[in-house]
Amino acid sequence: MNAQIREVIFLRKKLQMTGSDLSKIIDPPIPLPSIRDWERGAKTPPAYVLAFILKELRHIELLIEQLKEGDLSNATLANFKLKGESLRQCLLTECTFRNIDFSMTDFSDSQILSCNFYNCKFKQCLLNRCDLAGTSFKECDLTKASLTGAHYTTETFTECHLENVIGEVANR
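Residues numbered from 1 in each chain as written. Predicted model: local features only at pLDDT ≥ 70, side-chain atom pairs only at ≥ 80, totals over all residues. Heavy atoms only, no water.

Q: Please clarify how the confidence of the model for the chain should be interpreted in this entry.
A: Where the model shows low pLDDT, its predicted coordinates should not be examined in detail. Residue-level pLDDT values for the chain average 91, and 97% of them are 70 or greater. By mean pLDDT, strand β2 (residues 76–81) is the weakest element of the chain at 87, and strand β6 (residues 116–118) is the strongest at 97. (pLDDT = per-residue confidence, 0-100. Helix = DSSP H or I, 4+ residues; strand = E, 2+ residues; numbered from the N terminus.)

Q: When you look at helix α3 (residues 32–39) in this model, what are you seeing that I'm missing?
A: In an α-helix, one turn spans 3.6 residues; hence positions three or four apart end up facing the same way. Ile35, Asp37 and Trp38 are the residues of α3 that are buried. When α3 is viewed along its axis, its buried side chains cluster within an angular range of 160° and face the same direction. In α3, the exposed residues that point more than 90 degrees away from the buried face are Pro33 and Arg36. Where α3 is buried, its residues meet α1 (3–14), α2 (19–23) and α4 (47–69). (Buried < 20%, exposed > 50% of the residue type's maximum accessible area, 1.4 Å probe, protein only. Arc of directions from axis to C-beta. Contact = heavy atoms within 4.5 Å.)

Q: What is the right way to read the environment of Leu72 from this model?
A: With respect to the helices, strands and loops of the structure, Leu72 is situated in strand β1 (residues 71–73). For Leu72 and Leu91, which are 19 residues apart along the polypeptide, the C-alpha to C-alpha distance reads 6.4 Å. Beyond its immediate chain neighbours, meaning those up to four positions away, Leu72 contacts Leu63, Gln66, Leu67, Leu77, Leu91, Leu92, Thr93, Cys95 and Phe97.

Q: Would you mind going over the state of the cysteines with me for this structure?
A: Structurally, a disulfide amounts to a covalent bond that connects the sulfur atoms of two cysteines. Inspection of every chain in the model, using the stated rule, returns 0 disulfides. Just so you know, Cys90 is unpaired, no disulfide at all, and the nearest cysteine sulfur is the one on Cys130, 7.3 Å from it. We classify Cys90 as buried; its relative accessible area is 2%. Cys120 carries a free sulfur, and the closest cysteine sulfur to it, the one in Cys140, is 4.8 Å from it. Residue Cys120 is classed as buried on the basis of its relative accessible area of 1%. (Disulfide = S-S within 2.5 Å.)

Q: Just to check I follow, could you spell out unusual backbone geometry for this structure?
A: A negative phi angle characterises most non-glycine residues, just as the trans form characterises most peptide bonds. Even without glycine at this site, Gln16 takes up a positive phi of about 55°. Residue classification places Gln16 among the partly exposed positions, given a relative accessible area of 36%. Residues other than glycine seldom take positive phi values, yet Lys144 does so here, at roughly 60°. Judged by relative accessible area, Lys144 falls into the partly exposed class, the value being 45%.

Q: Which parts of the structure should I look at to understand the sheet that holds strand β5 (residues 111–113)?
A: Hydrogen bonding along the main chain pairs the strands of a sheet, whether they run parallel or antiparallel. Pairing is parallel across the open sheet formed by 3 strands, whose spatial order is β1-β3-β5. The open sheet is flanked by β1 and β5, the only strands paired with a single partner. In this sheet, adjacent strand axes meet at a mean angle of 0° when their direction is disregarded. Each of β1 and β3 (91–93) touches α4; the most contacted strand, β1, lies at about 125° to it. (Pairing = 2+ DSSP bridges. Axes fitted to C-alpha atoms, helices over the stretch in contact; angles between N-to-C directions.)

Q: Looking at this structure, I do not really get the pairing of strand β4 (residues 96–101). What am I missing?
A: For a regular strand, the rule is simple: side chains alternate between the two faces of the sheet. By the bridge criterion, 5 bridges tie β2 to β4 in an arrangement that is parallel. Counterpart to Thr76 in the pairing with β4 is Thr96.

Q: Explain the packing of aromatic side chains to me, please; I cannot follow it from the model alone.
A: Aromatic ring pairs are defined here through the distance separating the ring centres and the angle between the ring planes. This model, assessed by the stated rule, comprises 11 aromatic pairs. Relative to Phe117, the ring of Phe97 has its centre 4.9 Å away and its plane inclined at 10°; by these criteria the two rings are stacked. Here the residue Phe97 occupies a position in strand β4, and Phe117 occupies one in strand β6, the gap between them amounting to 20 residues. Relative to Phe122, the ring of Phe117 has its centre 5.2 Å away and its plane inclined at 80°; by these criteria the two rings are edge-to-face. The exposure class of Phe117 is buried, given its relative accessible area of 1%. Residue Phe122 is classed as buried on the basis of its relative accessible area of 0%. Here the aromatic residues Phe97, Phe102, Phe107, Phe117, Phe122, Phe137, Tyr152 and Phe157 are joined through ring pairs into a cluster of three or more. One residue, Arg98, lies across the ring of Tyr118, its end atom 4.3 Å from the ring centre. (Phe/Tyr/Trp six-rings, centres within 6.5 Å; stacked < 30°, edge-to-face > 60°. Lys NZ or Arg CZ within 6 Å of the ring centre and 35° of its normal.)

What follows is the structure, given as structure tokens:
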């Protein structure tokens, strides 16, 4: 197994991505059996595919670091887990998030402005006192999330699971 494949495996695990998540990192998706073959050393991917995957993983790693530092704008992130993180008082502007698991993450006192969340999980997430101006949640799971004191409009949540949400949205 070469060093680049070892780095792909390391970054995939660091980013809490499954093999299935990794398969979707490029378009068209890489067949999951191919990824499994690469990771166990049975086959070697073409160099250009491996280089592109590493470039994408490093880019995701950088964006996640910026997110954890509390300031991210004009970014698109998809298909990974960021569970249980403390992202209090962060500033997110004009970002798009798809298929991300933010469960049990604390976004309290953050400004999440003009962002779009598609099919993301926010189970038991804290969004207390957040400014969600212009932000939309579509097909997201906010089960047991807390939105106490958050600023948003009724149009913010479309086709979302809002069971046992703490805050005004629970009544809508």
